[in-house]
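The chain contents come next:
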Amino acid sequence: MLYNFQIQTNKRTQMIDITDKVFEQVAKLGVKSGLCTIFVPHTTAGVTINENADPDVVRDMMYEMDKIVPEDDGYLHFEGNSSAHIKATMTGFSQTIIIENSKLLLGRWQGIYFCEYDGPRNRTVYVKIIKDMTYN
Amino acid sequence: MLYNFQIQTNKRTQMIDITDKVFEQVAKLGVKSGLCTIFVPHTTAGVTINENADPDVVRDMMYEMDKIVPEDDGYLHFEGNSSAHIKATMTGFSQTIIIENSKLLLGRWQGIYFCEYDGPRNRTVYVKIIKDMTYN
Amino acid sequence: MLYNFQIQTNKRTQMIDITDKVFEQVAKLGVKSGLCTIFVPHTTAGVTINENADPDVVRDMMYEMDKIVPEDDGYLHFEGNSSAHIKATMTGFSQTIIIENSKLLLGRWQGIYFCEYDGPRNRTVYVKIIKDMTYN
């Protein structure tokens, strides 16, 4: 049970809400209980969970990440995108979310966000679902 | 096999050792081998693993996180807790730990810590266990 | 299905490519589909995924992590390695990677890196594989 979808980003750094796309896969499958792993196969993008109510939260996150890891800071990597590599490691390349009662067990304010740090690019996201065999 | 427990935090930023609570669930179940995912369903709190011997380690961590992600730094989010959202992403919302011989396979100095970044609040932690079906 | 291997680091901070060692375990097993969790049982080292083409990427990452989390910065922990503990939390102690068609589903440029933040030391890495029972 492996799925993937594409995302077209349109800025250098950007958070894109992918919650609905992941929910869709889980709903389609009808797995009652298990784990859902969302994996980003890139080195300058990551995936996180955060608030999906006020859009200023994701704006503030991208703004602050730029201050914590400046775009230019004495890096040697010839492509000039070292800050993107570092931010991706700090964000993480996967999120593991519990499936219970055939739904992703996210908190009330949680959304799943693809984090672009070196866009614009066409990106891929993998979604893998593992059944809890004691329940399914 | 899904469990949850509540935590009452009492400071703005705080790390609380939840190792014993997670061990308890794993012991109760008698799962010989598998994975244990600890998930925090919030957007201003996270979960990590770190040293549980010297309490100064968690003090230093909260202290330094406040320097890396200042509480006030030109954020737009109206609730004023953007730093907590950013720290939570940097910490992570889940930890996945191996279960072997019916125990969590933690290193000698490792403890599991709930990380409060916008307390005091009443918080929830989920613990999901997936059996390795080739061993159980 | 649990494996471990040792790593000897030889610098204070260092990223070591462990992709081949993890691939080896997955190949040996012949698991067609599932999850592979790589877990570091330490508190001053972590594991991440990043670019394995240009060695300057890992140099830049260690260099910038030293700027984000200075080695000396008013810490109280008597061992003097608080920066290593904080970097380890920011990096993460595990990575979960999808197994599909008996291979780790890594992106084209992705390698798996052990991150030493308080070396030189002799370190351990655990690799746990969970089969997707609907495919195997």
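What you see is a predicted model; the values in this text were computed from it and never measured. (Residues numbered from 1 in each chain as written. Chains lettered and ligands numbered in written order. Predicted model: local features only at pLDDT ≥ 70, side-chain atom pairs only at ≥ 80, totals over all residues. Heavy atoms only, no water.)

K.L.:
What exactly am I supposed to notice about the relation of the copies chain B and chain A here?
P.N.:
Each copy of the chain is related to the other by a rotation around an axis and a translation along that axis. Expressed as a screw transformation, the operator carrying chain B onto chain A has a rotation angle of 120 degrees and an axial translation of 0.0 Å, and the superposed copies differ by an RMSD of 0.0 Å. Look at the turn and shift together and you get a three-fold axis relating the two. Taking C-alpha positions as the reference, the residue of chain B nearest the rotation axis is B:Met90, at 3.3 Å. A share of only 19% of interface residues in chain B that are also interface residues in chain A marks the association as one of differing surfaces. (Least-squares fit on C-alpha atoms with pLDDT ≥ 70 in both. Contact = heavy atoms within 4.5 Å.)

K.L.:
It is not clear to me how unusual backbone geometry should be interpreted in this structure. Could you clarify?
P.N.:
A negative phi angle is the norm for most residues apart from glycine, just as the trans form is the norm for most peptide bonds. Residue A:Pro120 is bonded to the preceding A:Gly119 through a cis peptide linkage, with omega at -5 degrees. With respect to the helices and strands, the residue A:Pro120 is situated in the loop between β7 (110–116) and β8 (122–131). The phi dihedral of B:Asn101 falls on the positive side, at around 50 degrees, and the residue is not glycine. Mapped onto the secondary structure, B:Asn101 falls in the loop between β5 (94–100) and β6 (103–104). (Helix = DSSP H or I, 4+ residues; strand = E, 2+ residues; numbered from the N terminus.)

K.L.:
What should I look at first to understand the packing of aromatic side chains in this one?
P.N.:
How two aromatic rings sit relative to each other is set out by the distance from centre to centre and by the angle between their planes. Taken as a whole and assessed by the stated rule, the structure comprises 0 aromatic pairs over all chains. Above the plane of the ring of A:Tyr63 lies A:Arg59, whose end atom (NZ or CZ) is 4.2 Å from the centre. (Phe/Tyr/Trp six-rings, centres within 6.5 Å; stacked < 30°, edge-to-face > 60°. Lys NZ or Arg CZ within 6 Å of the ring centre and 35° of its normal.)

K.L.:
Explanation requested: the interface of chain B and chain A in the structure shown.
P.N.:
Many authors give the size of an interface as the accessible area that is lost as the parts come together. Listed by partner, the interface residues are 32 residues for chain B and 36 residues for chain A. Surface buried jointly by chain B and chain A totals about 2,800 Å² across both partners, of which 62% is contributed by carbon and sulfur atoms. Sorting the residues of chain B by area buried against chain A places B:Phe39, B:Thr89 and B:Lys128 first, and these three jointly supply 20% of that buried surface. Our count for the chain B to chain A interface comes out at 3 salt bridges. Ionic pairing is found between A:Asp132 and B:Lys128, a salt bridge with its closest N-O pair at 2.9 Å. The interface formed by chain B and chain A contains 18 residue pairs in polar contact (both at pLDDT 80 or more). Counting only elements with at least two residues in the side of chain B that touches chain A, the list comes to β3 (34–39), α3 (82–91), β5 and β8 (122–131) of chain B. Considered class by class, the residues forming the side of chain B that touches chain A number 18 nonpolar, 10 polar and 4 charged. (Buried area = accessible area lost by both parts, 1.4 Å probe. Salt bridge = Lys/Arg side-chain N within 4 Å of Asp/Glu carboxyl O. Polar contact = N/O pair within 3.5 Å; in protein donor to acceptor, adjacent residues only side chain to side chain. Nonpolar A, V, L, I, M, F, W, Y, C, P; charged D, E, K, R; others polar.)

K.L.:
Where do I start with the sheet that holds β5(B) in this structure?
P.N.:
Within a beta sheet, neighbouring strands are joined by backbone hydrogen bonds and run either parallel or antiparallel to one another. All names here are of chain B. As summarised here, the arrangement of the 5 strands in space is β1-β8-β3-β5-β6, forming an open sheet in which the pairing is antiparallel. Since the sheet does not close on itself, it has two edges, and those belong to β1 (2–8) and β6, each with one partner. As defined by bridge partners, β5 adjoins β6 across 2 bridges and the pair is classed as antiparallel. Across the sheet, the residue bridging to glutamate 100 is lysine 103, located in β6. (Pairing = 2+ DSSP bridges.)

K.L.:
Could you clarify how one ought to interpret the packing of helix α2 (residues 56–68) of chain A against helix α3 (residues 82–91) of chain A in this entry?
P.N.:
To describe two helices that pack against each other, one gives the angle between their axes and the distance between the axes. All names here are of chain A. Between α2 and α3, the shortest axis-to-axis distance is 10 Å and the interhelical angle comes to 120 degrees. By the criterion of interaxial angle, the relationship of α2 to α3 is oblique. Here the hand of the crossing between α2 and α3 comes out right-handed. For the pair α2 and α3, contact is made by Met65, Asp66 and Ile68 and by Lys87, Met90 and Thr91, respectively. Grouping the amino acids of the contact of α2 with α3 by side-chain chemistry returns 3 nonpolar, 1 polar and 2 charged. (Axes fitted to C-alpha atoms, helices over the stretch in contact; angles between N-to-C directions. Parallel < 35°, antiparallel > 145°, perpendicular 65-115°, else oblique. Left-handed = near helix turned anticlockwise from the far one by under 90°.)

That's the geometry; what it means functionally is another story.
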